[in-house]
Amino acid sequence: MKPSTLALGISLLALIAVSGCGSTKTDTSTTPGATPTAGAKTKIVFIPKSAGNPYFTQVESGFKKNADQFGIDFSSQAPSSADATSQLAVIKDQAQRGEEVIVIAPNSPDALNEALDQVVAKGVIVITADSDLTGNESHRSVGVLPVDFTTIGPEQVELLGSQINYEGEIAILSATSDAPNQNAWIESMKTTLAEPKYAKMKLVEVVYGDDEPQKSTTETEALLTKHANLRGIIAPTSVGLAAAAQVLGQKEIAPGAKNAKNGGLVLTGLGTPNELRKAVKAGVVAKFQLWDPADIGTVAGYLGTQLKAKKLDLKVGTKFDVPGKGSFEIKEKQIVIAGKLVTFTKENIDQYQY
Ligand code: RAM
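Each residue is numbered by its place in its chain's sequence as written, counting from 1. The predicted nature of this model means local features are confined to residues of pLDDT at least 70 and side-chain atom pairs, given and counted, to a pLDDT of 80 or more, with totals for whole chains, interfaces and linings taken over all residues. Each side-chain value is derived from all of the structure's non-hydrogen atoms; neither hydrogens nor water enter the calculation.

**Looking at the side chain of Gln 182**
Here a helix means four or more residues in a row that DSSP labels H or I, a strand means two or more in a row labelled E, and each is numbered from the N terminus. Within the fold, Gln 182 resides in helix α6 (residues 180-193). In terms of polar contacts, Gln 182 uses its side chain to reach the side chain of Lys 49, at 2.9 Å. Contacts are residue-level and defined by heavy atoms, with any inter-residue pair within 4.5 Å sufficient. Among residues more than four places away in sequence, those in contact with Gln 182 are Lys 49, Ser 174, Ala 175, Pro 236 and Thr 237. Polar contact is defined as a pair of N or O atoms within 3.5 Å, subject to the rule that within protein one atom must be able to donate a hydrogen and the other to accept it, and that residues adjacent in sequence are counted only when both atoms are side-chain atoms.

**Topic: a negative patch on the surface**
A cluster of acidic side chains, namely Asp 83, Asp 110, Asp 178 and Glu 212, defines a negative patch on the protein surface. In this fold, Asp 178 is placed in the loop between β6 (168-174) and α6. Accessibility here uses a 1.4 Å probe with only protein chains present; expressed as a share of the type maximum, an area under 20% marks a residue as buried, one over 50% as exposed, and anything in between as partly exposed. Under the relative-accessibility criterion, Asp 178 is labelled partly exposed at 35%. Patches in this entry comprise residues that are over 30% relatively accessible and not in a salt bridge; like charges within 9 Å are linked, as are nonpolar side chains (Val, Leu, Ile, Met, Phe, Trp, Tyr) within 5 Å. Exposure was quantified through the Shrake-Rupley algorithm and a 1.4 Å probe, taking into account, for residues, occlusion by the shown protein chains and nothing else. We define a salt bridge as a side-chain nitrogen of Lys or Arg found within 4 Å of a carboxyl oxygen belonging to Asp or Glu. A positive count includes Lys and Arg, and a negative count includes Asp and Glu. His and the chain ends are not counted in either. One atom stands in for each charge, and that atom is NZ of Lys, CZ of Arg, CG of Asp or CD of Glu.

**Quick notes on the side chain of Ser 50**
Along the chain, Ser 50 turns up in the loop between β1 (42-47) and α2 (54-70). Not counting residues within four places of it along the chain, the set of residues in contact with Ser 50 comprises Phe 56, Ala 78, Pro 79, Ser 80, Ser 81 and Ala 82.

**Digging into the sheet that holds β6**
The four strands are arranged β7-β6-β8-β9 in an open sheet whose pairing can be described as parallel. Of all the strands in the sheet, just β7 (201-208) and β9 (266-269) have a single pairing partner and so form its edges. With direction set aside, neighbouring strand axes in the sheet form an average angle of 20°. Every angle, taken between N-to-C directions, lies between 0 and 180 degrees, and every axis is a line fitted to C-alpha atoms, over only the stretch in contact when it is a helix. Strand contacts of α6: β6, β7 and β8 (230-235), with the helix running at about 165° to β6, the strand carrying the most contacts. Together, β6, β8 and β9 form the strand contacts of helix α8 (residues 238-251), whose direction differs from that of β9 by roughly 165°. Each pair of strands is called paired provided DSSP finds at least two bridges between the two strands.

**Some details on the sheet that holds strand β3 (residues 101-104)**
One open sheet accounts for six strands, arranged β2-β1-β3-β4-β5-β13; its pairing is parallel. With partners counted over all chains shown, the strands left at the sheet margins are β2 (72-76) and β13 (335-337), one partner each. Strand-to-strand, the axes of this sheet are offset by a mean angle of 25°, without reference to chain direction. With five bridges connecting them, β1 and β2 associate as parallel partners. The residue of β2 that forms the bridge with Thr 42 is Ile 72. Here helix α10 (residues 293-308) sits on the sheet and contacts β1, β2, β3, β4 (125-129), β5 (142-145) and β13; the angle it forms with β4, its principal contact strand, is near 165°.

**What to know about the packing of helix α3 (residues 88-96) against helix α4 (residues 113-121)**
Closest axis-to-axis distance for the α3/α4 pair is 9 Å, and the angle between their directions is 5°. Here α3 is positioned roughly parallel relative to α4, judged by the angle of their axes. Where α3 approaches α4, its residues Leu 88, Ile 91 and Ala 95 are matched on the opposing element by Ala 115, Leu 116 and Val 119. Under the scheme applied, nonpolar residues are Ala, Val, Leu, Ile, Met, Phe, Trp, Tyr, Cys and Pro; charged residues are Asp, Glu, Lys and Arg; polar residues are all the others, including Gly. Partitioned by chemical class, the residues of the contact of α3 with α4 number six nonpolar, no polar and no charged. Roughly parallel covers angles under 35 degrees, roughly antiparallel covers those over 145, roughly perpendicular covers 65 to 115, and oblique covers all other angles.

**A short note on the pairing of strand β12 (residues 326-329)**
Each regular strand displays side chains that alternate between the two surfaces of the sheet. Bridge analysis of strand β11 (residues 319-322) against β12 gives four bridges, and the strand direction is antiparallel. For Phe 320, the partnering residue across the bridge sits in β12 and is Phe 328. Linking two consecutive strands that pair antiparallel, namely β11 and β12, is a turn of three residues; a positive phi of about 85° is found at Gly 324 within it.

**Points about the packing of aromatic side chains**
In this analysis, rings of Phe, Tyr and Trp, with Trp reduced to its six-membered ring, are considered paired at centre separations within 6.5 Å, and the interplanar angle assigns stacked below 30 degrees, edge-to-face beyond 60, and tilted for intermediate values. Overall, the coordinates contain 14 aromatic pairs when judged by the stated rule. On the numbers, 6.1 Å between centres and 45° between planes, the contact of Phe 46 with Phe 56 is tilted. Here Phe 56 lies in helix α2 and Phe 46 lies in strand β1, a separation of 10 residues in the sequence. Residue Phe 56 is classed as buried on the basis of its relative accessible area of 3%. A connected cluster of aromatic rings, assembled from ring pairs, spans Phe 46, Tyr 55, Phe 56, Phe 63, Phe 74, Phe 149, Trp 185 and Trp 291.

**Examining the site of the ligand**
What makes a residue near a molecule or strand is one non-hydrogen atom of that residue sitting within 4 Å of it. Lys 49, Asn 53, Asp 130, Asp 211 and Ser 238 are the nearest of the 13 residues found near the ligand. Asn 53 is positioned with one of its side-chain polar atoms (N or O) 2.9 Å from an oxygen atom of the ligand. In the environment of the ligand, an oxygen atom lies 2.9 Å from a nitrogen or oxygen atom belonging to the side chain of Gln 182. Protein chains bury 100% of the 300 Å² of accessible surface belonging to the ligand in isolation. When residues of the shell around the ligand are traced back to their parent elements, those giving at least two are α2 and α6.

**Looking at the environment of Asn 66**
In this fold, Asn 66 is placed in helix α2. Among the residues examined, Asn 66 registers a relative accessible area of 11% and is labelled buried. Placed 258 residues apart in sequence, Asn 66 and Gly 324 show a C-alpha to C-alpha distance of 9.3 Å.

**Observations regarding the pattern of salt bridges**
Considering all chains together, one arrives at 13 salt bridges under this definition. Taking the shortest distance from any N to any O, the salt bridge between Asp 350 and Lys 281 comes out at 2.7 Å. Of this pair, Asp 350 sits in the segment after β14 (342-344) while Lys 281 is found in helix α9 (residues 273-281), placing the two residues 69 residues apart along the sequence. Linking Glu 329 and Lys 331 is a salt bridge whose minimum nitrogen-to-oxygen distance equals 4.0 Å. By relative accessible area, Glu 329 is classed as partly exposed at 27%. Overall, Lys 331 belongs to the partly exposed group, its relative accessible area being 38%.

Here's what the structure looks like:
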């Protein structure tokens, strides 16, 4: 190649790299330094639980920020609600569009089995992420979970218990009643509550806000009306936690607030720092938890490219490196843990921008 042609080639590459970031599409095959061979982009679509949930925008950012390096042609397509069957049509459509890898946060542990089998039969690789096909893992190749789900119960119950002196009536505000991740966490909370340390904490009700802000608000208000002695709420859903925080803030019933009775209503759960920052600074929520949602997208995206290229063995115990992220392992039931649980407080919340 003549020097002038080479220079032109380099500047063209730079131009493509700079202009390559779209909102839902990321075309990256020509980026210098990309691991896969040029032109070998993997078409990956992410199907979140439902549209309009900021948590999933953060998951998507994990796919997008690594798309250049990993060689991913990324898009996402969400159903309008988190109903058990809302993702069926999306799965079918995306396979028909020619997506090679479907990464899905399933809304049901079993309602998607047949639809997933059908696309797998056509050669599509199916990866679950964020939540899993609990009990039906054979209908996907690998599941990318944010943390070890069995740690959520002990962590969340302790977080609430330590703020109410391990005593009093408590409730859970969940997402949908079918949500595999929330249901696994609720089970692990119930197991924890059965320990002697928590004997004086009584779970009086589990309600479902369906990951919709309005329904989560209504369910929170109903809990407060129904259980006059309620001391605490755990909302293991970012949508539910944000909605409940708003209710507590408006009613001024958090510990130390004007209308607090009985020491105040303590709220904790799983939510994004961006959505909870105000409530934490106002003292409505003292402590809550989450992981970095982007880790899920990064790890699932990388796995998608490796499975498509047939470069990864999914045998339990296999270790693999995700460039820039470190080492991961294929665990029992082909589960990969992408991140770690963080506890947010007034002191540290500004360090987290997601
Ligand atoms: C909501 C969803 C999601 C869950 C987070 C914590 O955004 O239910 O599945 O992981 O909360």
